[in-house]
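What follows is the residue order along each chain.
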Amino acid sequence: MPIVKYPRATEPLWHEWDGKAQKRGLRHTVYAVNGDQYTGEWLDNLKHGKGTQVWKRTGAIYSGDWKFGKRDGYGSYSIPDPVTKEYKKVYTGWWKNDRKCGYGATFYPGGERYEGEWSGGLRSGWGRMYYRDGSIYEGQWLVDRPGGQGMLRLPNENRYEGGWKDGKKHGPGKFFYLDKGQLFEGIWAADIPKCGILIDFGRDEAPVPTQYPIPKV
């Protein structure tokens, strides 16, 4: 009985070419049409793993973790100084779905910085903010503003401890006038004290105490 030989099926060449074109694993620098460049790991043509992205238009650099094409995990984001062209770190911390999420530190122009929790790219949770004038807020944040319980310490060491809402003092709180040796305890609404009591507090140690102590009732 004659033996029939069938031709061996071969994959079309475009299958081979397409397979080689797929980006998987560690790759050298890949340039986008707009000039952006990425060096790092890939999975199914998406940035995935460790990698560094440079945006041509702004010169910004992100170096860290990626997940399915988005910044996800731990990484740092820096931008060039418009004058010196040296890179300045803007954010270092955790990301999720291309936004700041989790614990991280942001450095603002003028020397201000925030260290704390983020959610959806906004300051949310616990955090500490260092302001340009020397004030420090430490406490809870909600939708990028102080919200909940927190303490604001002013450059002269006076401080407020209590409730916050929409970035303003709100609810029960205490304001320590350490420079005068007094303490106000009361209720605030939209940064304005509505009612409360004022008593002497550490008057003997105050640098500029009031001329007369508050009479006891």
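Scroll up a little and you will see the structure.
Reading the values: rules and limits
- Residues numbered from 1 in each chain as written.
- Predicted model: local features only at pLDDT ≥ 70, side-chain atom pairs only at ≥ 80, totals over all residues.
- Heavy atoms only, no water.
- Helix = DSSP H or I, 4+ residues; strand = E, 2+ residues; numbered from the N terminus.
- Buried < 20%, exposed > 50% of the residue type's maximum accessible area, 1.4 Å probe, protein only.
- Contact = heavy atoms within 4.5 Å.
- Areas by Shrake-Rupley, 256 points an atom, 1.4 Å probe, with all protein chains shown as cover.
- Core = buried A, V, L, I, M, F, W, Y, C linked by side-chain atoms within 4.5 Å.
- Pairing = 2+ DSSP bridges.
- Phe/Tyr/Trp six-rings, centres within 6.5 Å; stacked < 30°, edge-to-face > 60°.
- Lys NZ or Arg CZ within 6 Å of the ring centre and 35° of its normal.
- Salt bridge = Lys/Arg side-chain N within 4 Å of Asp/Glu carboxyl O.

Undergrad: Break down the overall build of the chain for me, with residues and values.
TA: Of regular secondary structure, the chain possesses one helix and 15 strands. When each of the 217 residues of the chain is scored for burial, the buried share is 31%. Considering only intrachain contacts with a sequence separation of at least 6, the fraction spanning at least 24 residues in the chain is 8%. When the accessible surface of the chain is totalled, it reaches about 14,500 Å², and 57% of it is carbon and sulfur.

Undergrad: How would you sum up the nonpolar core? Please name residues and give values.
TA: Among the nonpolar cores identified, the biggest contains 17 residues, and Tyr114, Tyr137, Trp141, Tyr160, Trp164 and Trp188 are the most heavily contacted of them. Those residues in contact with tryptophan 141, other than ones at most four positions away along the chain, are Tyr114, Arg123, Ser124, Gly125, Trp126, Gly127, Arg128, Met129, Tyr131, Pro146 and Gly147.

Undergrad: Explain the pairing of strand 5 (residues 70-80) to me, and be specific about the residues and the numbers.
TA: Regular strands place their side chains on alternate faces of the sheet. Sheet topology places strand 4 (residues 61-67) next to strand 5; six bridges connect them, and they run antiparallel. Its bridge partner being in strand 5, lysine 67 is matched across the sheet by lysine 70. Hairpin connection between strand 4 and strand 5: a loop of two residues separates the two successive antiparallel strands, and phenylalanine 68 in this loop has a positive phi of roughly 50°. Bridge count for strand 5 against strand 6 (residues 87-96) is eight bridges, and the pairing is antiparallel. Among the inter-strand pairings, serine 78 is bridged to a residue of strand 6, identified as lysine 89. Between strand 5 and the antiparallel strand that follows it, strand 6, lie six residues; lysine 85 among them carries a positive phi value of about 70°.

Undergrad: Explain the packing of aromatic side chains to me, and be specific about the residues and the numbers.
TA: To describe a pair of aromatic rings, one takes the distance between the centres and the angle between the planes. Counted under the stated rule, the structure contains 17 aromatic pairs. Seen in terms of ring centroids, tyrosine 137 and tryptophan 141 are 5.3 Å apart; in terms of plane orientation they differ by 85°. Their pairing is edge-to-face. In terms of burial, tyrosine 137 and tryptophan 141 fall into one category: buried. Considering the side-chain rings of phenylalanine 176 and phenylalanine 201, the 5.3 Å spacing of their centres and the 65° angle between planes classify their relative orientation as edge-to-face. With a gap of 25 residues between them, phenylalanine 176 in strand 13 (residues 168-177) and phenylalanine 201 in the segment after strand 15 (192-200) connect regions that are remote in the sequence. One residue, arginine 71, lies across the ring of tyrosine 62, its end atom 5.6 Å from the ring centre.

Undergrad: Account for the environment of glycine 167, with residues named and values stated.
TA: Among the structural elements, glycine 167 can be located in the loop between strand 12 (159-165) and strand 13. Expressed as a C-alpha distance, the spacing of glycine 167 and glycine 147, which sit 20 residues apart in the sequence, is 6.2 Å. Look past the residues within four positions of glycine 167 in its chain and what remains in contact with it is Arg145 and Pro146.

Undergrad: Can you break down the pairing of strand 6 residue by residue, with the values?
TA: Bridge analysis of strand 6 against strand 7 (residues 99-107) gives five bridges, and the strand direction is antiparallel. Note on strand 7: the bridge partner recorded for glycine 93 is glycine 104. Where strand 6 folds back onto strand 7 in an antiparallel hairpin, the turn is made up of two residues, including asparagine 97, whose phi is positive at roughly 55°.

Undergrad: Break down unusual backbone geometry for me, citing the residues and quoting the values.
TA: Phi is positive for aspartate 44, close to 50°, though the residue is something other than glycine. Take aspartate 44: its relative accessible area is 47%, and that puts it in the partly exposed class. Notably, alanine 190 is not glycine yet its phi reads approximately 50°, a positive angle. Within the element layout of this structure, alanine 190 appears in the loop between strand 14 (182-189) and strand 15.

Undergrad: Give me the lowdown on the pattern of salt bridges, citing residues and values where you can.
TA: Counted by the stated rule, this structure contains 10 salt bridges. The partner of arginine 113 in a salt bridge is glutamate 115, with the nearest N and O atoms 3.0 Å apart. Where arginine 153 meets glutamate 157, a salt bridge forms, and the shortest distance between an N and an O atom there is 3.9 Å. A relative accessible area of 44% places glutamate 157 in the partly exposed class.

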